[in-house]
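Report on the structure
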Amino acid sequence: MQKNLEKQKIFRILSYINKKLKIMRKYIRALEIPFYLFVIAFACLERGNTGIAIILMIISIGRLIVNVTLDEFIYKR
């Protein structure tokens, strides 16, 4: 009886962790490319290429909006 209770507790903990990991994957997937674009934009801004930096920031913000809104429809499981 004690072993069954321990197994149930372990199972609950592992399912909770798995649920949280799925949520984290969703956020990482939505933020990954826009974050990279922002880093490249700031590097361009630092080197004096303000035009390219502004374009990359606009693309990054647009990509973030698209990723967040379409994530639910694309990655249905």
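Read on for a plain summary of the structure. Just so it is clear, the model here is predicted, and its values are computed rather than measured.

1. Observations regarding a nonpolar patch on the surface
Together, Ile 10, Ile 13, Leu 14, Tyr 16, Ile 17 and Leu 21 make up an exposed nonpolar region whose accessible area comes to about 610 Å². Position of Ile 10 relative to the elements: it lies in helix H1 (residues 2-47).

2. A short note on the packing of aromatic side chains
Aromatic ring pairs are described here by two measures, namely the spacing of the ring centres and the angle between the planes. Under the criterion given, the structure shown has 1 aromatic pair. Where Phe 38 meets Phe 42, the ring centres are 6.0 Å apart and the plane angle is 20 degrees; that geometry is what we call stacked. Of this pair, Phe 38 and Phe 42 both sit in helix H1, 4 residues apart, which is roughly one turn of the helix. The exposure class assigned to Phe 38 is partly exposed, which follows from its relative accessible area of 26%. For Phe 42, a relative accessible area of 47% puts it in the partly exposed group.

Procedures and definitions
- Residues numbered from 1 in each chain as written.
- Predicted model: local features only at pLDDT ≥ 70, side-chain atom pairs only at ≥ 80, totals over all residues.
- Heavy atoms only, no water.
- Patch = residues over 30% accessible without salt bridge, like charges linked within 9 Å, V, L, I, M, F, W, Y side chains within 5 Å.
- Areas by Shrake-Rupley, 256 points an atom, 1.4 Å probe, with all protein chains shown as cover.
- Salt bridge = Lys/Arg side-chain N within 4 Å of Asp/Glu carboxyl O.
- Helix = DSSP H or I, 4+ residues; strand = E, 2+ residues; numbered from the N terminus.
- Phe/Tyr/Trp six-rings, centres within 6.5 Å; stacked < 30°, edge-to-face > 60°.
- Buried < 20%, exposed > 50% of the residue type's maximum accessible area, 1.4 Å probe, protein only.

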